[in-house]
Amino acid sequence: NAGVTQTPKFRILKIGQSMTLQCTQDMNHNYMYWYRQDPGMGLKLIYYSVGAGITDKGEVPNGYNVSRSTTEDFPLRLELAAPSQTSVYFCASSYDAPIGTSDDEAFFGQGTRLTVV
Amino acid sequence: AQSVTQLDSQVPVFEEAPVELRCNYSSSVSVYLFWYVQYPNQGLQLLLKYLSGSTLVESINGFEAEFNKSQTSFHLRKPSVHISDTAEYFCAVTSRGNTGKLIFGQGTTLQVKP
């Protein structure tokens, strides 16, 4: 199993450009999450999904969109990049909810470091 | 609403010394509590978690945390740290009714010096 795979690892965007951060997991997990990590701020939840076809907003959804057409994939879309979206983005997944509360574990990807200039 | 406060942003400590990383939470419902570790340039890894039962939980690499409901705390401790423990540590909380969303603290950087 590869776990949670995020691509790309690094990206520099110009203001106003768009991009999609990819996240895929091969553990047949139902729940998937996108977080952003800003220095000194911990992780903030952007969007989450409880299963294919179902998504919902987290704490900081503005400027982002998601889709969940399959169990495996949960891409995060930035339509008009802004400097405030400079951050490290983490995708996570778990089989059960709340995240990691059963005997299984919540898994995080290695992150995508995004800089908007 | 739930929240987590990690009281120290950085904790410098010498190798083989004990360490405590402090975490306090706020919640109106029963909680599940977690400590995650993030090594440089890596994603988060679960260190330990409290779901129910014994209030003292342990990890495989010598860390332990105690759930204290009266003080709404979940401090992380290790009696003797190693250089390899240098990392950022995040405390997180969620609850059964929270649709699986983890609320994270701001993080504490543990710097172990030789």
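Everything here concerns the structure above.
Residues numbered from 1 in each chain as written. Chains lettered and ligands numbered in written order. Predicted model: local features only at pLDDT ≥ 70, side-chain atom pairs only at ≥ 80, totals over all residues. Heavy atoms only, no water.

(A) How the structure looks around the interface of chain B and chain A. Opposite the 24 residues of chain B that make contact, chain A presents 26 residues. Between chain B and chain A, the buried area comes to about 1,900 Å², and carbon and sulfur atoms account for 58% of it. Seen at the junction of chain B and chain A, the total is zero salt bridges. Connecting chain B to chain A are two residue pairs in polar contact (both at pLDDT 80 or more). Breaking the side of chain B that touches chain A down by element, the ones donating at least two residues are β5 (32–38), β6 (44–50), β10 (87–94) and β11 (103–104) of chain B. Residue classes in the side of chain B that touches chain A are distributed as ten nonpolar, ten polar and four charged. (Contact = heavy atoms within 4.5 Å. Buried area = accessible area lost by both parts, 1.4 Å probe. Salt bridge = Lys/Arg side-chain N within 4 Å of Asp/Glu carboxyl O. Polar contact = N/O pair within 3.5 Å; in protein donor to acceptor, adjacent residues only side chain to side chain. Helix = DSSP H or I, 4+ residues; strand = E, 2+ residues; numbered from the N terminus. Nonpolar A, V, L, I, M, F, W, Y, C, P; charged D, E, K, R; others polar.)

(B) Examining the pairing of β5(B) more closely. All names here are of chain B. Extensive coverage of β5 is indicated by the burial of seven of its seven residues. As paired strands, β5 and β10 are joined by seven bridges and run antiparallel to one another. Residue pairing for β10: F34 is matched across the bridge by A92. (Buried < 20%, exposed > 50% of the residue type's maximum accessible area, 1.4 Å probe, protein only. Pairing = 2+ DSSP bridges.)

(C) The arrangement of the sheet that holds strand β8 (residues 76–78) of chain A in detail. Residues and elements named next belong to chain A. Taken together, the four strands give an open sheet; going across it, the order is β1-β3-β8-β7, and neighbouring strands pair in antiparallel fashion. Among the strands making up the open sheet, the edge pair consists of β1 (4–7) and β7 (64–66). If you compare each strand with its neighbour and ignore which way they point, the axes differ by 20 degrees on average. Where strand β3 (residues 19–25) and β8 come together, three bridges link them in antiparallel fashion. Its bridge partner lying in β8, M19 is registered against L78. (Axes fitted to C-alpha atoms, helices over the stretch in contact; angles between N-to-C directions.)

(D) The pattern of salt bridges, seen in detail. Considering all chains together, one arrives at five salt bridges over all chains under this definition. Between E79(A) and R77(A) there is a salt bridge, with its nearest N and O atoms 3.3 Å apart. Using a relative accessible area of 39% as the deciding quantity, one classes E79(A) as partly exposed. On the accessibility criterion, R77(A) (31% relative accessible area) is partly exposed. Between E20(B) and R77(B) there is a salt bridge, with the nearest N and O atoms lying 2.8 Å from each other. With a gap of 57 residues between them, E20(B) in strand β3 (residues 19–21) and R77(B) in strand β9 (residues 73–78) connect regions that are remote in the sequence. With a relative accessible area of 34%, E20(B) lands in the partly exposed category. Exposure remark for R77(B): the relative accessible area of 29% places this residue in the partly exposed category.

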